[in-house]
Amino acid sequence: MDLNLVLVSLVVIIALGFDYTNGFHDAANAIATSVSTRALTPRAALLMAAVMNIIGALLGTEVAKTIGEGIIDISHYTNSSDVLQQREGLAIVLGALVGAVVWNLITWWFGLPSSSSHALIGGLVGAGLASATQVKWIGILQHVVIPMFASPVIGFLLGFFLMKGLMRLLQNLPYHRTMRRFRILQTLSAAAMALGHGLQDAQKTMGVIVMALIAGGYGETHNVIDPVTGDIMIPLWVKLAAAGAISLGTYAGGWRIMRTLGRKIIDLDPARGFVAEGVSAIVLYLSAFVLHAPISTTHTITSAILGVGATKRFSAVRWGVAGNIVVGWFLTLPAAAAVAAIVYFIVHAVVGL
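None of these values were measured; they are calculated from a predicted model.

A word on the overall build of the protein chain. A tally of helices and strands in the protein chain yields 13 helices and two strands. Within the protein chain, the fraction of its 353 residues that count as buried is 59%. For the protein chain, restricting intrachain contacts to residue pairs at least 6 apart in sequence, the fraction spanning at least 24 positions comes to 87%. About 14,200 Å² of surface is accessible on the protein chain, with carbon and sulfur atoms providing 69% of the total.

What follows concerns the environment of Ala310. Tracing the sequence through the fold places Ala310 in helix H12 (residues 297-310). Taking relative accessible area as the criterion, Ala310 reaches 8% and is therefore assigned buried. Considered as a pair, Ala310 and Phe160 are 150 residues apart in the sequence and their alpha carbons are 6.8 Å apart.

Let's shift gears to unusual backbone geometry. The backbone of Ala132 shows a phi angle near 60°, a positive value even though the residue is not glycine. Mapped onto the elements, Ala132 comes out in the loop between helix H6 (116-130) and strand S2 (134-135).

This next bit is on helix H5 (residues 83-109). Across its 27 residues, H5 extends 39 Å between first and last C-alpha, which sits within 8% of the 39 Å expected from 1.5 Å per residue. Gly111, located one to two residues past H5, shows a positive phi value of around 70°.

On to the nonpolar core. Within the largest apolar cluster, 57 residues are counted, with the highest numbers of intra-cluster contacts made by Ile71, Ile72, Val93, Leu97 and Met206. Contributions of two or more residues to this core are made by helix H1 (3-36), helix H3 (62-70), H5, H6, helix H7 (137-170), helix H8 (175-215), helix H9 (236-252) and helix H13 (319-350). In this structure Val93 touches Val11, Ile74, Val208, Met211 and Ala212, once residues within four positions along its chain are discounted. One finds Met179, Val283, Leu284 and Ile305 within the second-largest nonpolar core, a separate group that totals 18 residues.

In this numbering, the UniProt entry assigns the feature "transmembrane region" (unreviewed entry) to residues 44-68, 89-110, 140-162, 182-199, 232-253, 274-295 and 326-347. Overall, residues 140-162 shows 100% helix and 0% strand. The separation of its end C-alpha atoms is 31 Å. Its end C-alpha atoms 21 Å apart, residues 274-295 is made of 82% helix and 0% strand.

Right, let's talk about the packing of aromatic side chains for a bit. Each aromatic ring pair is described using two quantities: the centre-to-centre distance and the angle formed by the ring planes. Under the criterion given, the structure shown has five aromatic pairs. Summarising the aromatic geometry, the rings of Phe182 and Phe274 are spaced 5.6 Å apart at their centres and angled 55° between planes, so their arrangement reads as tilted. Separated by 92 residues along the polypeptide, Phe182 in helix H8 and Phe274 in helix H11 (residues 270-291) bring together distant segments of the chain.

Here the focus is the packing of H5 against H8. Between H5 and H8, the shortest axis-to-axis distance is 8 Å and the interhelical angle comes to 160°. Judged by the angle between their axes, H5 and H8 are roughly antiparallel. Regarding H5 and H8, the two cross each other, and that crossing is left-handed. Two secondary-structure elements touch here, H5 through Gln86, Gly89, Leu90, Val93 and Leu97 and H8 through Val208, Met211, Ala212 and Ala215. Among the residues forming the contact of H5 with H8, the class breakdown is seven nonpolar, two polar and no charged.

Turning our attention to the pattern of salt bridges. Here the structure, examined in full by the defined rule, presents one salt bridge. Of the charged contacts, one joins Arg272 and Asp269 as a salt bridge, the two residues approaching to 2.6 Å between their closest N and O atoms. When sorted by exposure, Arg272 lands in the same class as Asp269, which is buried.

The next subject is a nonpolar patch on the surface. Together, Leu47, Val51, Ile55, Leu59, Tyr251, Ile282, Leu286, Phe289, Val290 and Leu291 line one region of the surface with nonpolar side chains, adding up to about 940 Å² of accessible area. For the nonpolar patch, the secondary-structure elements that each account for two or more residues are helix H2 (42-57) and H11. At five residues, H11 tops the list of elements feeding residues into the nonpolar patch.

A few words on the side chain of Thr178. Its place among the elements puts Thr178 in helix H8. When its relative accessible area of 8% is taken as the criterion, Thr178 is described as buried. Here Pro174 takes part through its backbone oxygen, which lies 2.7 Å from a polar atom of the side chain of Thr178. For Thr178, the contacting residues outside a window of four places in its chain are Leu170 and Leu173.

The rules we used
Residues numbered from 1 in each chain as written. Predicted model: local features only at pLDDT ≥ 70, side-chain atom pairs only at ≥ 80, totals over all residues. Heavy atoms only, no water. Helix = DSSP H or I, 4+ residues; strand = E, 2+ residues; numbered from the N terminus. Buried < 20%, exposed > 50% of the residue type's maximum accessible area, 1.4 Å probe, protein only. Contact = heavy atoms within 4.5 Å. Areas by Shrake-Rupley, 256 points an atom, 1.4 Å probe, with all protein chains shown as cover. Expected span 1.5 Å × (residues − 1). Core = buried A, V, L, I, M, F, W, Y, C linked by side-chain atoms within 4.5 Å. UniProt positions renumbered as here; feature names shortened; annotations may be inferred. Phe/Tyr/Trp six-rings, centres within 6.5 Å; stacked < 30°, edge-to-face > 60°. Axes fitted to C-alpha atoms, helices over the stretch in contact; angles between N-to-C directions. Parallel < 35°, antiparallel > 145°, perpendicular 65-115°, else oblique. Left-handed = near helix turned anticlockwise from the far one by under 90°. Nonpolar A, V, L, I, M, F, W, Y, C, P; charged D, E, K, R; others polar. Salt bridge = Lys/Arg side-chain N within 4 Å of Asp/Glu carboxyl O. Patch = residues over 30% accessible without salt bridge, like charges linked within 9 Å, V, L, I, M, F, W, Y side chains within 5 Å. Polar contact = N/O pair within 3.5 Å; in protein donor to acceptor, adjacent residues only side chain to side chain.

This is how it looks when you write it as C-alpha cells:
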C-alpha cells in the first residue's frame with residue numbers, strides 16, 4: 001500500500017473534519033444575534049447560514065492561497081521526489097490540523113467563541129517549528145498578527161459609532177414598530193455574515209488540502225499549480241468538499257457558543273443585531289477581497305457586538321464574559337501550536353521518518 005496516499009487521504013479527511021468543527025464552532029458567528037433577537041428561528045437561521053456558507057466558499061481563493069503559501073514554507077518537501085521528504089511534509093500538515101481540531105473542541109466545550117482560523121494558523125506554526133521548517137514570520141505579522149489586533153478594534157469602533165448614528169436617526173420613531181422592521185433586516189445581515197464566514201473560513205481548509213496534495217506528490221495529478229505562473233490553484237472538488245463540510249457543520253449548530261454570543265455578553269435588540277452583523281460582514285469582505293488576509297470571523301463579530309452593546313450603556317456589557325473570551329483568543333495560537341508539535345512528533349515516529 002502506498003503510504004503517501006494513505007497520509008494524503010488522512011490529511012484530507014481530517015481537514016474536512018476540521019472544516020466541520022469550524023462550521024458548528026463558528027455557526028454562532030453568523031446567526032447568534034438573529035436568533036437572540038428572534039428575527040429568525042434557530043433552525044431557519046442555521047439552514048440559511050449553511051446555504052450562504054456554500055456560496056461564500058465558492059466566491060474566491062485568495063485566502064486559501066495565503067494559508068497554502070504564506071504561513072510556513074514546505075517547498076523543500078513539496079518539490080522533492082524523495083518519498084521520505086514528501087511524508088515529512090505530510091506529517092507537518094497532519095500535525096497542524098489535529099492541533100486546530102483539538103483546540104476547536106476544547107473551546108466549543110467551554111462555550112468560548114475562539115478563532116478556528118487562528119487555531120489552524122497556530123497549528124501550522126507549531127508543526128513548522130517542531131520540524132525545523134521555515135516559518136514565514138513577516139507573512140504571519142502582516143496576515144495574522146496585525147489583523148488579529150486590527151479587526152476587533154475596527155469591529156468595535158464601527159459598531160459603536162454606526163449604532164450611535166443610527167440611534168440619533170431613529171430617536172423619534174415608535175420603538176416597537178421600528179424593531180419589527182429591523183427583525184426583517186436582520187435576515188439580510190445574517191445572510192451577509194454567513195456569506196463572509198464561508199468566504200473566509202472554508203478557504204482556509206482548501207489551502208491546507210492543497211498543501212497536502214502538493215506535499216504528497218499529487219500536485220500535478222490534481223492540477224493545483226498553474227503551469228505558467230506557478231501560483232496555487234484550487235481544484236473544484238476541493239472547493240465543493242470544503243464548502244459542503246463547513247455548511248454541514250454550520251447546520252449542526254454550535255449551541256454552547258451561540259448562547260455566549262447571543263445572550264451572555266449583552267441582551268441585543270434587533271437594531272443592534274443588524275448593525276453588528278452588517279459591520280462584521282463588511283470587515284470580512286474587505287479582508288478577503290482586498291487584503292487577502294485570513295482574519296477571524298469570531299473576533300470580528302464579538303467585537304462588533306461589544307461595540308453596539310456599549311452604546312446602550314457601558315455597564316450593559318458583561319465585561320467579565322468578554323474578558324474570558326479575549327483570554328481564549330490569546331491562548332489559541334500557542335495552544336494549537338503545542339498540540340500540533342506533539343502530534344507531529346508522534347506521526348514522525350509512527351511512519352519512521
